[in-house]
Amino acid sequence: LALAVSPLSVQAIVNRGYLAERCGRVDDALADYRRALDLDPGNGPARNNLACLLVADSKRPEYDPVRARELISGAFLRPRRAFPEQRAAMLDTAARVAAELGEWREAVSYARKAGAKATGRADYARRAAEYARLLAGGRRGAGQPRPGGTEGERESQKESPGAGGVPPEGAM
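Asker: An account of the nonpolar core is needed here, citing residue identities and associated values.
Answerer: Counting residues in hydrophobic clusters, the biggest one holds 24 residues, and the most contacted among them are Y33, L50 and I72. Of all the secondary structure elements, the ones that give two or more residues to this core are α2 (10-22), α3 (26-39), α4 (44-54), α5 (65-77) and α6 (84-100). Look past the residues within four positions of Y33 in its chain and what remains in contact with it is V14, G17, Y18, E21, A46, N49, L50 and L53.

Here it is, written out as structure tokens:
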């Protein structure tokens with residue numbers, strides 16, 4: 001309905017992308033997040049959600065952890081009122097991106113911060129523990145990405161499809 005009233009409403013486009021993502025329509029979600037960023041390049045939720053999708057599946061053609069890092073870094077730059085759950089989702093995406101790039105210390109740090117911001121999200125705590133285990137096991141530094149996700153990430157994605165995306169404002 002909001003898009004019928006204002007097809008250029010960035011928030012409505014981000015919300016539609018989020019819903020498409022939750023429904024498994026990844027290509028539609030990608031298009032919506034990109035459209036939102038065309039209209040508002042600094043939009044934190046659009047940057048976060050696109051970054052999350054760019055590292056979600058290493059087998060998809062849009063897989064691009066380097067671009068995802070650029071996006072998620074920019075999501076934190078623009079001051080914006082964010083609900084704690086949205087901020088936690090952004091930190092979780094930053095953790096996923098760092099892990100994809102093999103930057104385990106950063107991945108652990110971001111995942112722990114995400115867990116501290118969002119109470120009741122066991123998947124964030126599981127991810128932090130998994131990254132810490134990989135760091136302790138000798139996977140230190142860039143150049144050692146983990147394609148396909150860790151076992152803990154695969155489990156949390158089964159429990160929570162679309163996890164990592166920033167939900168529409170007021171949805172929580």
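Asker: Got a sec to walk through the pattern of salt bridges? Specific residues and values, please.
Answerer: When the charged atoms of two side chains lie near each other, side chains of opposite charge can form a pair. One pass over the structure, following the stated rule, counts eleven salt bridges. A salt bridge links R25 to D28, with the nearest nitrogen and oxygen atoms 2.9 Å apart. Using a relative accessible area of 41% as the deciding quantity, one classes R25 as partly exposed. Using a relative accessible area of 38% as the deciding quantity, one classes D28 as partly exposed. Across the pair R127 and D92 runs a salt bridge, and its minimum N-O distance is 2.7 Å. Highlighted residues: R127 in helix α8 (residues 122-136) and D92 in helix α6, separated in sequence by 35 residues. For the pair formed by R127 and D92, the shared burial category is buried. If you follow the salt bridges from partner to partner, you end up with D92, R96, R121, D123 and R127 in one network.

Procedures and definitions
- Residues numbered from 1 in each chain as written.
- Predicted model: local features only at pLDDT ≥ 70, side-chain atom pairs only at ≥ 80, totals over all residues.
- Heavy atoms only, no water.
- Core = buried A, V, L, I, M, F, W, Y, C linked by side-chain atoms within 4.5 Å.
- Buried < 20%, exposed > 50% of the residue type's maximum accessible area, 1.4 Å probe, protein only.
- Helix = DSSP H or I, 4+ residues; strand = E, 2+ residues; numbered from the N terminus.
- Contact = heavy atoms within 4.5 Å.
- Salt bridge = Lys/Arg side-chain N within 4 Å of Asp/Glu carboxyl O.

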